[in-house]
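Results of the structural survey
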Amino acid sequence: MTGHDVPAVGTAVRDTARDRVGRVMDHTGPYLQLRPLGGGHEWDAHPDQLHPLTQNELLSALVAELNKHSRQGL
């Protein structure tokens, strides 16, 4: 993404630097705070390393998160 395309709070994105999926929670300085879709600790990411998820990618990520929780008995 470029500086002009900063995703809004609530947008689901892939952090390509960490190969993680999360939801934008806040903007602080040059970074965005992301939280995993299933909850957890936030991490900082640079907007240039984020890729908004398509509906299919989001659905796939949510199903993977549910499957992970199911295997863990949560």
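Keep in mind it's a predicted model, so treat the numbers as computed, not measured.

Observations regarding the pattern of salt bridges
One pass over the full model with this rule turns up four salt bridges. Two residues, aspartate 19 and arginine 14, come together in a salt bridge whose shortest N-O distance is 3.2 Å. The salt bridge partner of lysine 68 is glutamate 65, with a shortest N-O separation of 3.6 Å. One end of the pair is lysine 68 and the other is glutamate 65, both in helix 1 (residues 55-71) and three residues apart, which spans about a single turn. Accessibility expressed as a relative area gives 18% for glutamate 65, which makes it buried.

Remarks on the pairing of strand 1 (residues 12-15)
Pairing of strand 1 with strand 2 (residues 20-28), which is carried by four bridges, proceeds in the antiparallel orientation. Bridging from a neighbouring strand, aspartate 15 pairs with arginine 20 of strand 2. In sequence, strand 1 turns back onto strand 2 through a hairpin of four residues, with aspartate 19 there showing a positive phi of about 50°. Bridging between strand 1 and strand 5 (residues 50-52) involves three bridges; their strand directions are antiparallel. By the bridge assignment, arginine 14 is partnered in strand 5 with histidine 51.

What about the nonpolar core?
Ranked by size, the top nonpolar core spans seven residues in total: Val13, Val24, Leu32, Leu34, Trp43, Ala45 and Leu50. Listing elements by their share of this core, those giving two or more residues are strand 3 (31-36) and strand 4 (43-45). Grouped together as the second largest cluster of nonpolar side chains are six residues, Val21, Leu37, Leu53 and Ala61 included.

Some remarks on the sheet that holds strand 5
Hydrogen bonding along the main chain pairs the strands of a sheet, whether they run parallel or antiparallel. Read across the open sheet, the five strands follow the order 4-3-2-1-5; overall the sheet is antiparallel. The open sheet is flanked by strand 4 and strand 5, the only strands paired with a single partner. Pairs of neighbouring strands in the sheet enclose a mean axial angle of 50°, with direction left out of account.

Looking at the environment of leucine 34
As for its placement among the helices and strands, leucine 34 is situated in strand 3. Along the sequence, leucine 34 and valine 21 sit 13 residues apart, while their C-alpha atoms lie 8.4 Å from each other.

Some words on the confidence of the model for the chain
For the chain, per-residue confidence averages 91 on the pLDDT scale, and residues scoring 70 or more make up 93% of the total. The secondary-structure element of the chain with the lowest mean pLDDT is helix 1, recorded at 91, while strand 1 shows the highest, at 98.

Calculation rules
Residues numbered from 1 in each chain as written. Predicted model: local features only at pLDDT ≥ 70, side-chain atom pairs only at ≥ 80, totals over all residues. Heavy atoms only, no water. Salt bridge = Lys/Arg side-chain N within 4 Å of Asp/Glu carboxyl O. Helix = DSSP H or I, 4+ residues; strand = E, 2+ residues; numbered from the N terminus. Buried < 20%, exposed > 50% of the residue type's maximum accessible area, 1.4 Å probe, protein only. Pairing = 2+ DSSP bridges. Core = buried A, V, L, I, M, F, W, Y, C linked by side-chain atoms within 4.5 Å. Axes fitted to C-alpha atoms, helices over the stretch in contact; angles between N-to-C directions. pLDDT = per-residue confidence, 0-100.

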